[in-house]
Amino acid sequence: EAGVAQSPRYKIIEKRQSVAFWCNPISGHATLYWYQQILGQGPKLLIQFQNNGVVDDSQLPKDRFSAERLKGVDSTLKIQPAKLEDSAVYLCASSPRTGRGMNTEAFFGQGTRLTVV
Amino acid sequence: AQSVAQPEDQVNVAEGNPLTVKCTYSVSGNPYLFWYVQYPNRGLQFLLKYITGDNLVKGSYGFEAEFNKSQTSFHLKKPSALVSDSALYFCAVRDMDNAGNMLTFGGGTRLMVKP
């Protein structure tokens, strides 16, 4: 079974530029997550999709971050404009489904390391 | 709001000795609990999970974890550490009674196993 695919693996941009990350979840997985992991910290959930609907985006800085999951499969996360503090690893994960009583773990991609200079 | 605490930034242990990585959690409902491991420049790999039933859960690579409801803890353990176990370990929790079902992570604990 193929895992969660993310691209690019690394990206360096200047502050105020824009950047986009792409994620292809495991086939058939309804739930997709984007996490931000700053160096030395645990992953912080940015947004969670169930199919193509948003379940939670309470920690997404909506003035500069946006995400979409058209057709309930692939997803893109965009930052515009980027700030120095956005330097982090952006992790995408998927799980078969979530909801009350669902006990599935999430499967993670290798992440995109963003450096903002 | 749900949360996870990993009180130790780093745990040092000699190869062959038992190891424990601590985790406590807070949720309003009943918890699903998970441990993940992260090697350098890699994503998170699932190790084990607690859903219901036996409080001692066995997972990958000889790791196990003990769920303690009264202490709201889910400590990760291994009877005999290997140098290759050196990595970053994350505890995570879901609230099984919440339809949104967010997966919340702790800050991580670096495990260093010395030969």
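Further up the page is the structure itself.
Residues numbered from 1 in each chain as written. Chains lettered and ligands numbered in written order. Predicted model: local features only at pLDDT ≥ 70, side-chain atom pairs only at ≥ 80, totals over all residues. Heavy atoms only, no water.

## A short note on the interface of chain A and chain B
- Taken residue by residue, the interface counts 28 residues in chain A and 24 residues in chain B.
- The contact between chain A and chain B buries some 2,000 Å² in all, and 48% of this surface belongs to carbon and sulfur atoms.
- On the surface where chain A and chain B come into contact, there are one salt bridge.
- Linking lysine 49 of chain B and glutamate 105 of chain A is a salt bridge whose minimum nitrogen-to-oxygen distance equals 2.8 Å.
- Where chain A meets chain B, there are six residue pairs in polar contact (both at pLDDT 80 or more).
- Among the elements that line the side of chain A that touches chain B, the one with the most residues is strand β4 (residues 31-37) of chain A, at three residues.
- Broken down by class, the residue content of the side of chain A that touches chain B amounts to nine nonpolar, 14 polar and five charged. (Contact = heavy atoms within 4.5 Å. Buried area = accessible area lost by both parts, 1.4 Å probe. Salt bridge = Lys/Arg side-chain N within 4 Å of Asp/Glu carboxyl O. Polar contact = N/O pair within 3.5 Å; in protein donor to acceptor, adjacent residues only side chain to side chain. Helix = DSSP H or I, 4+ residues; strand = E, 2+ residues; numbered from the N terminus. Nonpolar A, V, L, I, M, F, W, Y, C, P; charged D, E, K, R; others polar.)

## Considerations on the sheet that holds strand β8 (residues 75-79) of chain A
Residues and elements named next belong to chain A.
- Taken in spatial order, the four strands of this open sheet run β1-β3-β8-β7, and their pairing is antiparallel. Each edge of the sheet is formed by a strand with only one pairing partner; in this case those strands are β1 (5-7) and β7 (65-68). With strand direction ignored, the average angle separating the axes of adjacent strands in the sheet is 15°.
- Bridging between strand β3 (residues 19-24) and β8 involves five bridges; their strand directions are antiparallel. Within the sheet, the bridge partner assigned to alanine 20 lies in β8 and is lysine 78. (Pairing = 2+ DSSP bridges. Axes fitted to C-alpha atoms, helices over the stretch in contact; angles between N-to-C directions.)

## Section: the nonpolar core
- Within the largest apolar cluster, 27 residues are counted, with the highest numbers of intra-cluster contacts made by Trp35, Leu47, Leu48, Phe74, Leu76 and Tyr89 of chain B.
- Those elements that place two or more of their residues in this core are β2 (10-14), β3 (19-21), β5 (31-38), β6 (44-50), β8 (64-68), β9 (73-78), β10 (87-95) and β12 (109-114) of chain B.
- Here this core takes four residues from β10 of chain B, the largest share from any one element.
- Excluding anything up to four places from it in sequence, leucine 48 of chain B contacts Leu33, Phe34, Trp35, Val57, Lys58, Gly59, Phe63, Glu64, Ala65, Phe74 and Leu76 of chain B.
- Counting residues in hydrophobic clusters, the runner-up holds 21 residues, among them Phe21, Leu46, Phe65 and Leu114 of chain A. (Core = buried A, V, L, I, M, F, W, Y, C linked by side-chain atoms within 4.5 Å. Buried < 20%, exposed > 50% of the residue type's maximum accessible area, 1.4 Å probe, protein only.)

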